[in-house]
Amino acid sequence: MNILCLDQFGELGGAQRCLLDEIPAMIGRGWSVHVAAPGNGQLAARAAALHATVDPIRCGPYSSGKKTLADKLRFAAETPRLAGEIRRFVRRYGVDLIYVNGPRLLPAVALAVGKAARKGPRVLFHSHSLLDGNALRLTGLSLERVRAAMLASCRFVATPLLQYSGDRGIRVVYNGVRRMSLPSRAPTPTEFRIGVIGRIAPEKGQADFLRAARILHNAAPQCRFLICGAPLFSDPAALQYCAALETLAEGLPVEFSGWTEDVEGVLASLDLLVVPSTAVDATPRVILEAFAARVPVVAFASGGIPEIVEHGVTGFLVEQHSPKALALAMLDALESPHRLHDVSAKARAKARSEFSLERYCAQIIEAIEATLLC
């Protein structure tokens, strides 16, 4: 079987890392995997190293969040051209299934395949983040045109798409992570390391983290803070946001480490991971990575996060979305080391039983096979 995997980004965000996790499982089934993504970013290099065929496509870049008029005009002009590229890939590789790993490519797939999807390649759409407004409507029209099967990373992401699923339904497949080593350090009275890890962008909440850090530092000066990450996807707004964070951090013991591939090493250096994402976030992979590394998690109860974090059992959820509430939750964690140990141990056990990489890949393979049988 030949699978064409389409991604709207060439850099490595959470969705792209999920795709890289899946490729070995697909190839392990004896399938040929062909990846098409913009540019020559890390996704292309990593996919090629996994023995997938890789081709560049043109898609964006576009502004994150609300799109400008220029974005919309460029998208309208780019989509028919992209559809032509997809048709050529389908013919060249004898594609049986198109796996669409992001909504921006769905309109081009709908143009390329159209109603011939019943006789030609099947389409499977994997939604990793919440869609609403015009993006949801355009995605829905494209899904209906090709009668695509659907995957969602959590129920929060799946719910808006239900109106377009017809009798096909939507499979919810939570992310999975590999096993990780345990932290190499233990909290000490003289230093307590708290960090955030991930793409730097307003919806990821690093500004709220720094505001909470300033409140916490006044009560617990032994705390040290880390922001690990960088702006991705060529987003000018994220670059401006990154500069604003440096201003917010003035006078605080904060380290900006930039991005690293060694997430396991960063987690091993932390006593507490904070996930201050807003409601648009789904189920951040870094939470499951912290579970696997037995690092306790404090997170806003937003988006799909309550679907994977059980308050007081596998982590700590902050209901009120404010820096003060976040600071109080961190202080409470700091003052309860035995509770932290118990929660992180239960989270590690849950990562092994419910969020393993093996379970994730098996469910993806099952969804692909079911799509081909439709």
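Residues numbered from 1 in each chain as written. Predicted model: local features only at pLDDT ≥ 70, side-chain atom pairs only at ≥ 80, totals over all residues. Heavy atoms only, no water.

A. Region of interest: the overall build of the protein. Of regular secondary structure, the protein possesses 13 helices and 13 strands. Taken over C-alpha atoms, the radius of gyration comes to 21 Å for the protein, in line with the 21 Å a tight globule of 374 residues would show. Once the C-alpha set of the protein is aligned to its principal axes, its extents read approximately 65 × 45 × 40 Å. A total of 374 residues make up the protein; the buried ones form 56% of that total. Nonlocal contacts in the protein, meaning residues at least 24 apart in sequence, comprise 73% of its contacts between residues at least 6 apart. (Helix = DSSP H or I, 4+ residues; strand = E, 2+ residues; numbered from the N terminus. Rg over C-alpha atoms; globule rule 2.2 N^0.38 Å. Buried < 20%, exposed > 50% of the residue type's maximum accessible area, 1.4 Å probe, protein only. Contact = heavy atoms within 4.5 Å.)

B. A look at the packing of helix α7 (residues 206–219) against helix α11 (residues 323–334). Two elements in contact, α7 and α11, have axes separated by 8 Å at closest approach and are oriented at 50°. The angle between the axes of α7 and α11 places the two elements in the oblique class. The interaxial crossing formed by α7 with α11 has right-handed handedness. Two secondary-structure elements touch here, α7 through Asp208, Phe209, Arg211, Ala212, Ala213, Ile215, Leu216 and Ala219 and α11 through Pro323, Lys324, Leu326, Ala327, Met330 and Leu331. (Axes fitted to C-alpha atoms, helices over the stretch in contact; angles between N-to-C directions. Parallel < 35°, antiparallel > 145°, perpendicular 65-115°, else oblique. Left-handed = near helix turned anticlockwise from the far one by under 90°.)

C. Region of the structure containing the packing of aromatic side chains. Per the counting criterion, the structure on display carries 3 aromatic pairs. Centre to centre, the rings of Phe209 and Phe225 are 6.0 Å apart; their planes meet at 80°, and the pair counts as edge-to-face. Note that Phe209 is positioned in helix α7 and Phe225 in strand β9 (residues 223–228), a separation of 16 residues in sequence. By relative accessible area, Phe209 is classed as buried at 0%. Judged by relative accessible area, which is 3%, Phe225 ranks as buried. (Phe/Tyr/Trp six-rings, centres within 6.5 Å; stacked < 30°, edge-to-face > 60°.)

D. Highlighting the side chain of Thr139. One can find Thr139 in helix α5 (residues 133–146). Here Ala135 takes part through its backbone oxygen, which lies 2.8 Å from a polar atom of the side chain of Thr139. Thr139 has contacts with Pro103, Leu106, Phe125, Leu131 and Leu161, leaving out every residue within four places of it along the chain. (Polar contact = N/O pair within 3.5 Å; in protein donor to acceptor, adjacent residues only side chain to side chain.)

E. Structural view of the sheet that holds strand β4 (residues 97–100). The strand order across the open sheet formed by 7 strands is β3-β2-β1-β4-β5-β6-β7, and the pairing between neighbours is parallel. Strands with a single pairing partner mark the edges of an open sheet, and in this sheet they are β3 (53–57) and β7 (170–172). Averaged over all neighbouring strand pairs, the angle between strand axes comes to 20°, with direction disregarded. As judged from the 4 bridges shared by strand β5 (residues 122–127) and strand β6 (residues 149–152), these two strands associate in the parallel manner. (Pairing = 2+ DSSP bridges.)

F. Structural view of helix α3 (residues 69–93). Compared with the 36 Å implied by 1.5 Å per residue over 25 residues, the 36 Å span of α3 between its first and last C-alpha is a close match. Considering bend angle alone, the principal kink of α3 is centred on Thr79 and spans about 30°; proline Pro80 follows within four residues of it. When we look at burial in α3, the residues that qualify are Asp71, Phe75, Glu78, Thr79, Leu82, Ala83, Gly84, Glu85, Ile86, Phe89, Val90 and Tyr93. Here the buried face of α3 lies against β1 (2–6), β2 (32–38), β3, β4, α4 (106–113) and α5. (Expected span 1.5 Å × (residues − 1). Bend = angle between axes of the 7 residues up to and from the residue.)

G. How the structure looks around the packing of α4 against α5. Running from N to C, α4 and α5 point in directions that differ by 25°, and their axes come no closer than 9 Å. One element, α4, and the other, α5, form an angle in the roughly parallel class. Viewed along their axes, α4 and α5 form a crossing whose handedness is left-handed. Across the interface between the two elements, Leu106, Pro107, Val109, Ala110 and Val113 from α4 touch Leu138, Thr139, Ser142, Leu143, Arg145 and Val146 from α5. Partitioned by chemical class, the residues of the contact of α4 with α5 number 8 nonpolar, 2 polar and 1 charged. (Nonpolar A, V, L, I, M, F, W, Y, C, P; charged D, E, K, R; others polar.)

H. Structural context of unusual backbone geometry. Positive phi, normally seen in glycine, also occurs at His51, with a value near 75°. Along the chain, His51 turns up in the loop between α2 (42–49) and β3.

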